Number of protein chains: 2
Amino acid sequence: MTWIALKSRVLAHNDTIAERLRARLRGKGTVCLNIIGSPGSGKTTLLEAVLPRLAERFRCGVVEGDVATDNDMRRIVALGIPAVQIETGGSCHLTAESVERALGDLAGGLDLLVIENVGNLICTVAYDLGEDHRIVVVSIAEGEDKPLKYPAAFVSTHTVAVTKTDLEPYVDARVEIMVRNALSCNPGLRIFPLSARTGEGVGAFAEYIAGKLANR
Amino acid sequence: MTWIALKSRVLAHNDTIAERLRARLRGKGTVCLNIIGSPGSGKTTLLEAVLPRLAERFRCGVVEGDVATDNDMRRIVALGIPAVQIETGGSCHLTAESVERALGDLAGGLDLLVIENVGNLICTVAYDLGEDHRIVVVSIAEGEDKPLKYPAAFVSTHTVAVTKTDLEPYVDARVEIMVRNALSCNPGLRIFPLSARTGEGVGAFAEYIAGKLANR
């Protein structure tokens, strides 16, 4: 079998499990998010800013995917929000199967399940994790050209968080141009510039997620 | 054949070509660097800062690897340094075969060949590109924990550039702690904190590369 044929089979197998997982979560009234972004784009920090607001109204849970360490899981648990860790042991993305296995009892009574994927703006894109919504996270410190250089992630989603906007004065990149570049990949995007550090834009993003939960 | 067996065969095939490429480059007296880092870690900006210094003394050339666009290649060519682009069309890493094919005449009379890999801190690590030296680039804006979370890259190299140190006052990460975390993965690392924006540390890094060229 060729590499491409095998990869197609792996992806088809993943899609089957993802559909089963999505049906199971929807059956329980759980909305599922899949958070994708580069290492250091600010995925966990965004969750630390947003989840306490959402947890006031909704039962939230998190699956943390990492190549190594359970640091991120411990950051979420420190907020009083249940979280489980998937350490991929070198693998560059989560699979629906790994999420299904990790969920265990976590998905029992949740309104919102957030899956934070491995830090990778390429390989994560092809794997459906059974999510209802995918959110791509990109920091302004990565440079305004990143949507053009990694378009597949931006095409695969409806929602982008442009993080670390407080760094804009100190880097050679403009949020406005990054937003324009993302829209040139995918004109249908909802884009949320925000700074988890200053709190600017976090409320609007949290309300957007709350709206997804209200419209279940 | 299983996924793992096929991946082993792909890597063995890559290693064979990498050895051939390394022998060919060494035979011509060319030192080859493979630059690895996340999207937006500052790989191209580092080359823009360092290569003009090296080009005063050495014949330099660059292979740029990107999922999409030839933006980075054009940034290098604008410096008057020859560069060729590999657009991987979705693939998450370069292979020795893709580099060998792209090189064409570029490697003819070079003292230094720099390969800038695709922005990916995971998948690039397993692929030997025939380099003499691998350089891992990580920006302080990515967070001081990144060596712990993506250890394979830091274990696979002798040299790390910690970039964007000018952002340290504005982010919740300390260069000193990132250096300590990298050394905990691999105590043998040479680590160069630097800022391509202010120029701080760039000279020391350039001299380190020049030293590799002098000791050919």
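Our subject is the structure listed above.
Residues numbered from 1 in each chain as written. Chains lettered and ligands numbered in written order. Predicted model: local features only at pLDDT ≥ 70, side-chain atom pairs only at ≥ 80, totals over all residues. Heavy atoms only, no water.

(A) Structural detail: the pairing of strand β3 (residues 83–87) of chain A. All names here are of chain A. Both strand β2 (residues 60–66) and β3 contribute to a ladder of 5 bridges, which runs parallel. When the bridges of β3 are listed, Val 63 appears paired with Val 84. Note that the unit made of β2, helix α3 (residues 71–77) and β3 has a crossover that is right-handed. (Pairing = 2+ DSSP bridges. Helix = DSSP H or I, 4+ residues; strand = E, 2+ residues; numbered from the N terminus. Right-handed = clockwise from strand over helix to strand, strands pointing away.)

(B) Molecular detail of the packing of aromatic side chains. Following the criterion strictly, the structure yields 5 aromatic pairs over all chains and no others. With a centroid separation of 3.5 Å and 5 degrees between ring planes, the pair formed by Tyr 170 of chain A and Tyr 170 of chain B is classed as stacked. Within this pair, whereas Tyr 170 of chain A is found in the loop between β6 (159–163) and α7 (175–185), its partner Tyr 170 of chain B is found in the loop between β6 (159–163) and α7 (175–185), the two belonging to separate chains. Ring geometry for Phe 192 of chain A against Phe 205 of chain A: centres 5.5 Å apart, planes inclined by 70 degrees, an arrangement best described as edge-to-face. Taken together, the residues Phe 192 of chain A in strand β7 (residues 190–193) and Phe 205 of chain A in helix α8 (residues 202–214) connect sequence positions 13 residues apart. Across the pair, exposure class does not vary: Phe 192 of chain A and Phe 205 of chain A are buried alike. Through a chain of ring-to-ring contacts, the aromatic side chains of Phe 192, Phe 205 and Tyr 208 of chain A assemble into a single cluster. (Phe/Tyr/Trp six-rings, centres within 6.5 Å; stacked < 30°, edge-to-face > 60°. Buried < 20%, exposed > 50% of the residue type's maximum accessible area, 1.4 Å probe, protein only.)

(C) Molecular detail of the relation of the copies chain B and chain A. Rotating chain B by 180 degrees and translating it 0.0 Å along the rotation axis places it on chain A, where the RMSD comes to 0.0 Å. Those values place the two copies in the arrangement expected of a two-fold rotation axis. A high fraction, 100%, of the interface residues of chain B reappear at the interface in chain A, so the copies pair face to face through one surface. (Least-squares fit on C-alpha atoms with pLDDT ≥ 70 in both. Contact = heavy atoms within 4.5 Å.)

(D) Structural detail: the nonpolar core. All names here are of chain B. Membership of the largest hydrophobic core comes to 81 residues, with the highest contact counts inside it found for Leu 113 and Phe 154. The biggest single contributor to this core is α7, with 5 residues. When residues no more than four places from it in sequence are discounted, the contact partners of Leu 113 are Leu 25, Thr 30, Val 31, Cys 32, Leu 33, Gly 61, Val 62, Val 63, Leu 103 and Leu 106. (Core = buried A, V, L, I, M, F, W, Y, C linked by side-chain atoms within 4.5 Å.)

(E) Just the sheet that holds strand β2 (residues 60–66) of chain B, in detail. Residue and element names in this part refer to chain B. Within the open sheet, the 7 strands sit side by side as β3-β2-β4-β1-β5-β6-β7. Their pairing is parallel. Both edges of this open sheet fall to β3 (83–87) and β7 (190–193), since each of them pairs with a single strand only. Here the strands of the sheet are splayed against their neighbours by 20 degrees on average, with no regard to which way each runs. Here β2 pairs with strand β4 (residues 112–116) via 5 bridges, running parallel. Along β4, the bridge assignment pairs Val 63 with Ile 115. Taken strand by strand, α7 contacts β5 (133–139), β6 and β7, and its axis lies near 160 degrees from that of β7. (Axes fitted to C-alpha atoms, helices over the stretch in contact; angles between N-to-C directions.)

(F) Local environment of empty space enclosed by the protein. Residues and elements named next belong to chain A. Using the criterion set out here, one finds 3 cavities of 30 Å³ or more in the structure. In this structure, the largest cavity is lined by Leu 33, Ile 35, Leu 46, Leu 47, Val 50, Leu 51, Leu 54, Leu 112, Val 114, Ile 135, Phe 205 and Ile 209. Elements represented by at least two residues in the lining of the largest cavity include exactly β1 (31–37), α2 (43–55), β4 (112–116) and α8. Per-element accounting of the lining of the largest cavity gives the leading share, 5 residues, to α2. Of the residues assigned to the lining of the largest cavity, the class counts are 12 nonpolar, no polar and no charged. (1 Å grid on protein atoms, 1.4 Å probe; cavity = no way out; pocket = protein on both sides within 12 Å on 5 of 7 lines; lining within 4 Å. Points joined across faces, edges and corners; volume = space filled by probe spheres on them. Nonpolar A, V, L, I, M, F, W, Y, C, P; charged D, E, K, R; others polar.)

(G) A look at the packing of helix α2 (residues 43–55) of chain B against helix α8 (residues 202–214) of chain B. Residues and elements named next belong to chain B. Taken N-terminus to C-terminus, the directions of α2 and α8 make an angle of 60 degrees; their axes are 10 Å apart at the nearest point. Taken as axis vectors, α2 and α8 run oblique relative to one another. In this structure, α2 meets α8 at a crossing whose hand is right-handed. In this structure, α2 contributes Leu 46, Ala 49, Val 50, Arg 53 and Leu 54 to the contact, and α8 contributes Val 202, Gly 203, Phe 205, Ala 206, Ile 209 and Ala 210. Tallied by class, the residues present in the contact of α2 with α8 amount to 9 nonpolar, 1 polar and 1 charged. (Parallel < 35°, antiparallel > 145°, perpendicular 65-115°, else oblique. Left-handed = near helix turned anticlockwise from the far one by under 90°.)

(H) Fine view of the pairing of β7 of chain B. All names here are of chain B. Bridge count between β6 and β7: 4 bridges; the pairing is parallel. Within β7, the residue paired with Val 162 across the bridge is Pro 193. Taken together, β6, α7 and β7 form a β-α-β motif whose crossover is right-handed.

(I) Here's a closer look at unusual backbone geometry. Residues and elements named next belong to chain A. The phi angle at Thr 69 is positive, at roughly 75 degrees, despite the residue not being glycine. Relative to the assigned elements, Thr 69 resides in the loop between β2 and α3. Residues other than glycine seldom take positive phi values, yet Lys 164 does so here, at roughly 60 degrees. Take Lys 164: it is sitting in the loop between β6 and α7.

(J) Spatial organisation of the interface of chain B and chain A. Taken together, the contacts link 39 residues of chain B with 39 residues of chain A. Across the chain B/chain A interface, buried area totals approximately 3,100 Å², and carbon plus sulfur atoms make up 61% of it. For the pair chain B and chain A, the number of links is 6 salt bridges. When the shortest N-O distance is used, the salt bridge between Asp 72 of chain A and Lys 149 of chain B registers 2.5 Å. The tally of links from chain B across to chain A stands at 12 residue pairs in polar contact (both at pLDDT 80 or more). Sorting the residues of the side of chain B that touches chain A by element identifies α1 (3–27), α3 (71–77) and α5 (146–149) of chain B as the ones contributing at least two each. The element contributing the most residues to the side of chain B that touches chain A is α1 of chain B, with 4 residues. A class-by-class count of the residues in the side of chain B that touches chain A yields 19 nonpolar, 8 polar and 12 charged. (Buried area = accessible area lost by both parts, 1.4 Å probe. Salt bridge = Lys/Arg side-chain N within 4 Å of Asp/Glu carboxyl O. Polar contact = N/O pair within 3.5 Å; in protein donor to acceptor, adjacent residues only side chain to side chain.)

Just geometry here; none of it tells us what the structure is for.
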